[in-house]
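Summary of structural features
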Amino acid sequence: MKKPDGFTKESSQIAKGVGILWLLFFHLFAEEGVLEQMSVSYRPFSEEGFRMAAAFGKICVAIFVVLSSYGITKGIIDKGSDLKESMSQAFKRFLKLMGGFVALYVSVLAVFGWKFDLKGLYGEAPQGILYFLADGLGLAESFKTPTLNGTWWYMNLAYALVLLIPFGACLVKKAGYGVIAVAFFIPIIFSVNYDTEHYLFSAAIGVAAAYGDWFEKFLKVKLNIILKWVIGIVGTVLCVFVRHNAVVSEHFFAVTDALIAVFIIWTAAELIASVPVLRDVIGFIGKHSLNIFLVHSFFFLIVLRDVVYHFSPAGVTYLILLAMSLGYSVVLELIKHFIVMGYKTLRGGKGVTNE
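Remember, it's a predicted structure, so these values are computed and weren't measured experimentally.

1. A short note on the side chain of arginine 279
Examined against the element boundaries, arginine 279 turns out to sit in helix 16 (residues 278-287). Although arginine 279 is buried, it forms no salt bridge, and the closest oppositely charged side chain is aspartate 280 at an N-O distance of 4.4 Å. Within polar-contact distance, the side chain of arginine 279 engages the backbone oxygen of alanine 273 at 2.9 Å.

As structure tokens, then:
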């Protein structure tokens, strides 16, 4: 594909691809002791520098939150929906998101089920059935119930964004950018959970960016392409150091993560999107980013850890995990596609017969 004109769905997919690539880097190498334990070779970098860069990968969630909030709000604006219509769309989006997770959950049981003691994890009936349903619907984090995969906590945040962003979009339409200040002070005034404290500001930034066409305006700034690449590379390095700062990570993470996410999204849409082939590859990865997010832990942590870390070079380890996770997602989506097509064919056939 050619470079997107403005900030499009393709731009968002490229940014999601960048985000998920940072996530894999974070989970593989940021944990203290894992480099030595798994005999990872990170030459020519120092261990401190390599782990600092890996730790930066946690920014991926803020990137996803900004993009999700932006995309949902843009949809509301483009359709001119009022709050009632927006909530109707949100509920459909929620059901689609939950349906996608259920399909992935079933696939995980089919592929990795032999590895788990489901009865030991969920317990005896009837509570075991309730725990099973909560996990299978992506609601384990919401109910604080047992789960096959701790990474699935993200579904709680994803569901909340889908259902609550329409209210944020309506608030921005009525009150303007003041919603950003509201999002900043809510965690200070009220006792909220970690997800709300960490990502509410990112969500508000995404909503405001959609109403203000921030990304479109950023992409229209006329600068020499070399200067843009210098800003992108140097800026990303500075972001790594800023986020690694103890004071920032302890007290200002909500604000810094939102602003860094906006910068990383710009680098993806402006710089990576300008490179043929690379933009196609990362955009394709971004298209599968949610599945990769939800399944990669089974490969590197739960089931195939020794396989993923089998080779010493960090780059090889990284590519193995990416190939496994992306391949899983591609196969899953193909199976879902054929099931849907088969269902439509059967319905069509019945229709013809009845006539």
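From this point on, the discussion continues.
2. Quick notes on the environment of glycine 315
As for its placement among the helices and strands, glycine 315 is situated in helix 19 (residues 314-354). A sequence separation of 12 residues divides glycine 315 from valine 303, and the C-alpha atoms of the two residues are 20 Å apart.

3. Things to note about the packing of helix 5 (residues 83-112) against helix 17 (residues 289-302)
One can describe the packing of helix 5 onto helix 17 by two numbers: an axis separation of 11 Å at closest approach and a directional angle of 25 degrees. Relative to helix 17, the element helix 5 lies roughly parallel. The hand of the helix 5/helix 17 crossing is right-handed. On the side of helix 5, the interface is formed by Leu97, Phe101, Leu104, Val108 and Phe112, while helix 17 contributes Leu290, Asn291, Leu294, Val295, Phe298 and Phe299. Broken down by class, the residue content of the contact of helix 5 with helix 17 amounts to 10 nonpolar, one polar and no charged.

4. So, a negative patch on the surface
On the surface, Glu31, Glu32, Glu36, Glu47 and Glu48 cluster together into a patch of negative charge. One can find glutamate 31 in the loop between helix 1 (9-29) and helix 2 (34-37). Judged by its relative accessible area of 49%, glutamate 31 is partly exposed.

5. Some thoughts on the confidence of the model for the chain
When the pLDDT values of the chain are averaged, the result is 92; 97% of them are 70 or greater. Between residues 351-355, whose pLDDT stays under 50, and residues either more than four places distant or in other chains, the model counts zero contacts.

6. Side note on the pattern of salt bridges
Per the counting criterion, the structure on display carries seven salt bridges. Its salt-bridge partner being aspartate 257, residue arginine 243 comes within 2.8 Å of it at the nearest N-O pair. Of this pair, arginine 243 sits in helix 13 (residues 225-244) while aspartate 257 sits in helix 15 (residues 253-270), and the two are 14 residues apart along the sequence. Arginine 243 gets classed as buried once you look at its relative accessible area, which sits at 14%. With its nearest N and O atoms 3.1 Å apart, the salt bridge here joins glutamate 333 to lysine 336. With glutamate 333 and lysine 336 both in helix 19 and three residues apart, the pair spans about one turn of that helix. Given a relative accessible area of 29%, glutamate 333 falls into the partly exposed group. Ionic contacts of the salt-bridge type, sharing partners, join the residues Lys74, Asp213 and Glu216 into one network.

Definitions and cut-offs
Residues numbered from 1 in each chain as written. Predicted model: local features only at pLDDT ≥ 70, side-chain atom pairs only at ≥ 80, totals over all residues. Heavy atoms only, no water. Helix = DSSP H or I, 4+ residues; strand = E, 2+ residues; numbered from the N terminus. Buried < 20%, exposed > 50% of the residue type's maximum accessible area, 1.4 Å probe, protein only. Lys, Arg positive; Asp, Glu negative; His and termini not counted. Salt bridge = Lys/Arg side-chain N within 4 Å of Asp/Glu carboxyl O. Polar contact = N/O pair within 3.5 Å; in protein donor to acceptor, adjacent residues only side chain to side chain. Axes fitted to C-alpha atoms, helices over the stretch in contact; angles between N-to-C directions. Parallel < 35°, antiparallel > 145°, perpendicular 65-115°, else oblique. Left-handed = near helix turned anticlockwise from the far one by under 90°. Contact = heavy atoms within 4.5 Å. Nonpolar A, V, L, I, M, F, W, Y, C, P; charged D, E, K, R; others polar. Patch = residues over 30% accessible without salt bridge, like charges linked within 9 Å, V, L, I, M, F, W, Y side chains within 5 Å. Areas by Shrake-Rupley, 256 points an atom, 1.4 Å probe, with all protein chains shown as cover. Charge placed at Lys NZ, Arg CZ, Asp CG, Glu CD. pLDDT = per-residue confidence, 0-100.

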